[in-house]
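Topology and contacts: notes
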Amino acid sequence: MVRARPAGVGPLAALRDHFLDGLRERDPITGLNDVPEILAHIRMVSETPALRARATRFQEGSERALAEALQDVAGVPALTARLAATQVVGVHWLLSMDNSGALAGGQSADERYPQAVADAEHAFTLLSEGLAGHM
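Let us look at the structure shown here. Small disclaimer: the values here were computed from a predicted structure and weren't measured.

A few words now on the overall build of the protein. Within the protein, the secondary structure is distributed over five helices and zero strands. Ordering the α and β elements of the protein from the N terminus gives α-α-α-α-α. At 15 Å, the protein has a C-alpha radius of gyration in line with the 14 Å of a compact globule built from 135 residues. Reported as C-alpha extents along the three principal axes, the dimensions of the protein are approximately 45 × 35 × 35 Å. Considering the protein as a whole, with its 135 residues, one finds that 30% of them fall into the buried category. Summed over its atoms, the accessible surface of the protein is roughly 8100 Å², and 58% of this surface lies on carbon and sulfur atoms. Here the protein contributes 12 positive and 17 negative side-chain charges, whose respective centroids are spaced 6 Å apart.

Right under this line is the structure:
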């Protein structure tokens, strides 16, 4: 999504738009999918130590891939790209876990959707503007 983003759209805006599209489409990676088989899969991963460890390795791989893409397309130094990628992937992970938790607690994906969008908008605002003035 970073490399294939539309002209004039910055990398962070493309990542935000992609996540919001995922919420709208109920992409399981956003945690906002209440299909019983998807919920069972998420529960199995979260409750199985080996699968949780694999999910962590997947997250680390995502950070590396995003950092490489950011360095390539944004022309930022490696450290900046790695810091940004770690923050973006961490935000995605946290939002997904919050959504999954809400669904596990009984909310439907449709009920959770407005809050999921608001949370994503807030998170990406913090990513783009920083924490100054919020803490």
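What follows continues from the structure just given.
Okay, the nonpolar core next. Membership of the largest hydrophobic core comes to 23 residues, with the highest contact counts inside it found for Leu23 and Leu66. Of all the secondary structure elements, the ones that give two or more residues to this core are helix H1 (11–25), helix H3 (49–74), helix H4 (78–104) and helix H5 (109–129). With seven residues, the top contributor of residues to this core is H4. In this structure Leu23 touches Thr30, Leu32, Asn99, Tyr113, Ala116, Val117 and Ala120, once residues within four positions along its chain are discounted.

Basis of the calculations
- Residues numbered from 1 in each chain as written.
- Predicted model: local features only at pLDDT ≥ 70, side-chain atom pairs only at ≥ 80, totals over all residues.
- Heavy atoms only, no water.
- Helix = DSSP H or I, 4+ residues; strand = E, 2+ residues; numbered from the N terminus.
- Rg over C-alpha atoms; globule rule 2.2 N^0.38 Å.
- Buried < 20%, exposed > 50% of the residue type's maximum accessible area, 1.4 Å probe, protein only.
- Areas by Shrake-Rupley, 256 points an atom, 1.4 Å probe, with all protein chains shown as cover.
- Lys, Arg positive; Asp, Glu negative; His and termini not counted.
- Charge placed at Lys NZ, Arg CZ, Asp CG, Glu CD.
- Core = buried A, V, L, I, M, F, W, Y, C linked by side-chain atoms within 4.5 Å.
- Contact = heavy atoms within 4.5 Å.

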